[in-house]
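Residues per chain, in single letters:
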Amino acid sequence: MNDFTDGAVAAAPAAAPPKDTRKADFEANKLSKRLHHQVGLAISDFDMIEAGDKVMVCLSGGKDSYTMLDILLSLRRRAPIHFDIVAVNLDQKQPGFPAHVLPEYLAKLDIPFHIENQDTYGIVKKLVPEGQTMCSLCSRLRRGILYRVAGELGATKIALGHHRDDMVVTMLINMFFGGRLKGMPPKLVSDDGKNVVIRPLAYVAETEIEKWARHRRFPIIPCTLCGSQDNLQRVQVKKMLRDWERQHPGRSDNMLRAMAHVVPSHLMDRKLFPFTTVQATGVPDADGDVAFDEEPCAPPAAASPLRWQAGPSRDTQE
């Protein structure tokens, strides 16, 4: 396992510091350290990136993927291993899409990138009746194209910009509407069995990404295909989660933590636990029936010390 987490990480320079420069720089530095630590920890915990990997970073033009690329480029300069990054954008030919923005942004970073032009917008608008959700078909088309492009580019990992809130919301959606206890894993094998998909922002809150995007002044491109579908289940659940977080700070972190601390014997899936063969043994079991015990409320996780000793920069890209 590669450790991406140790060592202090300096904040990336702000494009245009506000009036209160000292305070803004202090806050930006704290935010930078949190983001670098959380992304590095997720990479280390799930062994997302290995020596010699070629990571295809999927860039949509939204705040999440910009932040993912930004942090990964910074981490790569200090990483204890060598890996390559190639940025990929799928131009879905949405009306009014500013096709020049991402190529110009990526050219300034001086990194390899590829723009894939496919009219998925036209396909979705043609096949999905007016008023129905477009996300499912759009996602399947986009996923298939990105898998193909990853193969053509020789990428060994596909990095997506889903964050902590996306993962928690997905779990809630599957519970509320799908009747399944299923989430969005930080690392998995793709549908075609040929690619490994990683989510380096798995531990990062969306509010932190919003702050970083404002600080870095990313040229955000809104999604006009699904951004206006206000009645989507995901939009509703996301709003509910935001309301919960305001009332009870730390709830989202607790739900994410719960996804990593599963107790099969206290659920109901007969494939995960042999309920039919359970018998009394006469031997005390710390993991036995505690259904009547008062469950403690876990406090928000304290920030663990950074473990990764920063090494010399491998490149000057970005």
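Refer to the structure presented above.
For every chain, the first residue of the written sequence is number 1, and numbering continues from 1 along that sequence. Restriction of local features to residues with pLDDT of at least 70 applies here, the model being predicted, together with a cutoff of 80 or more for giving and counting side-chain atom pairs; totals for whole chains, interfaces and linings are based on all residues. The basis for the side-chain values is all heavy atoms of the structure; hydrogens and waters are excluded.

Chemist: I'd like to hear about the overall build of the chain, residue by residue, with values.
Modeler: Elements are defined by DSSP. Helices are runs of H or I of four residues or more, strands are runs of E of two residues or more, and each kind is numbered from the N terminus. Per the secondary structure count, the chain includes nine helices and six strands. For the chain, buried positions account for 40% of its 318 residues. Of the contacts formed within the chain by residues at least 6 apart in sequence, a portion of 79% connects residues at least 24 apart. Surface exposure here means Shrake-Rupley accessible area, sampled with a 1.4 Å probe, where a residue is shielded only by the protein chains that are shown. Put simply, the chain shows about 18,000 Å² of open surface, and 56% of that area lies on carbon and sulfur atoms. Partly exposed describes any residue whose relative accessible area lies between the buried limit of under 20% and the exposed limit of over 50%, with all areas from a 1.4 Å probe on protein chains only and scaled to the type maximum. We call two residues contacting when some pair of their heavy atoms lies within 4.5 Å.

Chemist: Lay out the packing of helix 1 (residues 21–45) against helix 7 (residues 206–216) with the relevant residues and their values.
Modeler: Fitted lines through C-alpha atoms serve as axes, helices being fitted only where they are in contact, and the angles separating the N-to-C directions of these axes extend from 0 to 180 degrees. Orientation of helix 1 relative to helix 7, taken along the N-to-C sense of each, is 125 degrees, at an axis distance of 11 Å. When the axes of helix 1 and helix 7 are compared, the pair comes out oblique. Here the hand of the crossing between helix 1 and helix 7 comes out left-handed. Contacts from Ala28, Leu31, Ser32, Arg34 and Leu35 in helix 1 reach Glu208, Lys211, Trp212 and His215 in helix 7. Should an angle fall under 35 degrees it is called roughly parallel, over 145 degrees roughly antiparallel, and 65 to 115 degrees roughly perpendicular, with every other angle called oblique. Crossing handedness: left-handed means the near helix sits turned counterclockwise from the far one by under a right angle, and right-handed means the same turn made clockwise.

Chemist: Would you mind going over unusual backbone geometry in detail, with residue names and values included?
Modeler: Of note, the phi angle at Asp47 is positive, near 50 degrees, even though the residue is not glycine. Mapped onto the elements of the fold, Asp47 is located in the loop between helix 1 and strand 1 (54–58). Phi at Arg217 is positive, roughly 55 degrees, even though this residue is not glycine. Along the polypeptide, Arg217 turns up in the loop between helix 7 and helix 8 (233–247).

Chemist: Tell me about the nonpolar core, and name the residues and values.
Modeler: Core analysis: the largest hydrophobic core is formed by 38 residues, its most contacted members being Ile49, Leu69 and Leu72. Among the elements that make up this core, the one with the highest residue count is helix 2 (residues 63–78) (seven residues). Excluding residues that lie within four positions of it along the chain, Leu69 makes contacts with Val57, Leu59, Ile85, Ala87, Leu106, Leu109 and Ile111. Within this scheme, the nonpolar core is defined by two criteria: the residues are buried Ala, Val, Leu, Ile, Met, Phe, Trp, Tyr or Cys, and they are joined through side-chain atoms within 4.5 Å. One finds Met56, Leu90, Tyr147 and Leu160 within the second-largest nonpolar core, a separate group that totals 14 residues.

Chemist: Can you tell me about the sheet that holds strand 6 (residues 196–198), naming the residues and giving the values?
Modeler: At least two bridges found by DSSP between two strands are what make those strands a pair. Taking strand neighbours across the sheet as the criterion, the six strands line up as 3-2-1-4-6-5 in an open arrangement whose pairing is mixed. Single-partner strands in this sheet number two, and they are strand 3 (113–117) and strand 5 (187–189). Geometrically, the sheet is characterised by an average inter-axis angle of 25 degrees between neighbouring strands, direction not taken into account. Helix-sheet contacts for helix 3 (residues 101–109) involve strand 2 (84–91) and strand 3, and the interaxial angle to strand 3 is about 170 degrees.

Chemist: Describe the packing of helix 6 (residues 164–178) against helix 8, naming the residues involved and giving the relevant values.
Modeler: With their axes 9 Å apart at the nearest point, helix 6 and helix 8 run at an angle of 115 degrees to one another. Here helix 6 runs over helix 8; the crossing is right-handed. Residues Asp165, Asp166, Val168, Val169, Thr170, Leu172, Ile173, Phe176 and Phe177 of helix 6 touch helix 8, and the partners they reach there are Gln233, Arg234, Val237, Lys238, Met240, Leu241 and Trp244. Three classes are used, and their members are as follows: Ala, Val, Leu, Ile, Met, Phe, Trp, Tyr, Cys and Pro are nonpolar, Asp, Glu, Lys and Arg are charged, and the others, Gly among them, are polar. Looking at the contact of helix 6 with helix 8, its residues break down into 10 nonpolar, two polar and four charged.

Chemist: Hey, could you go over helix 9 (residues 251–259) for me, with residue numbers and the actual values?
Modeler: Of the positions making up helix 9, those classed as buried are Ser252, Met255 and Leu256. For helix 9, the angular spread of the buried residues around the axis is 100 degrees, confining them to a single face. Lining the buried residues of helix 9 we find helix 6 and helix 8. Directions drawn from the helix axis to the C-beta atoms are what define this arc.

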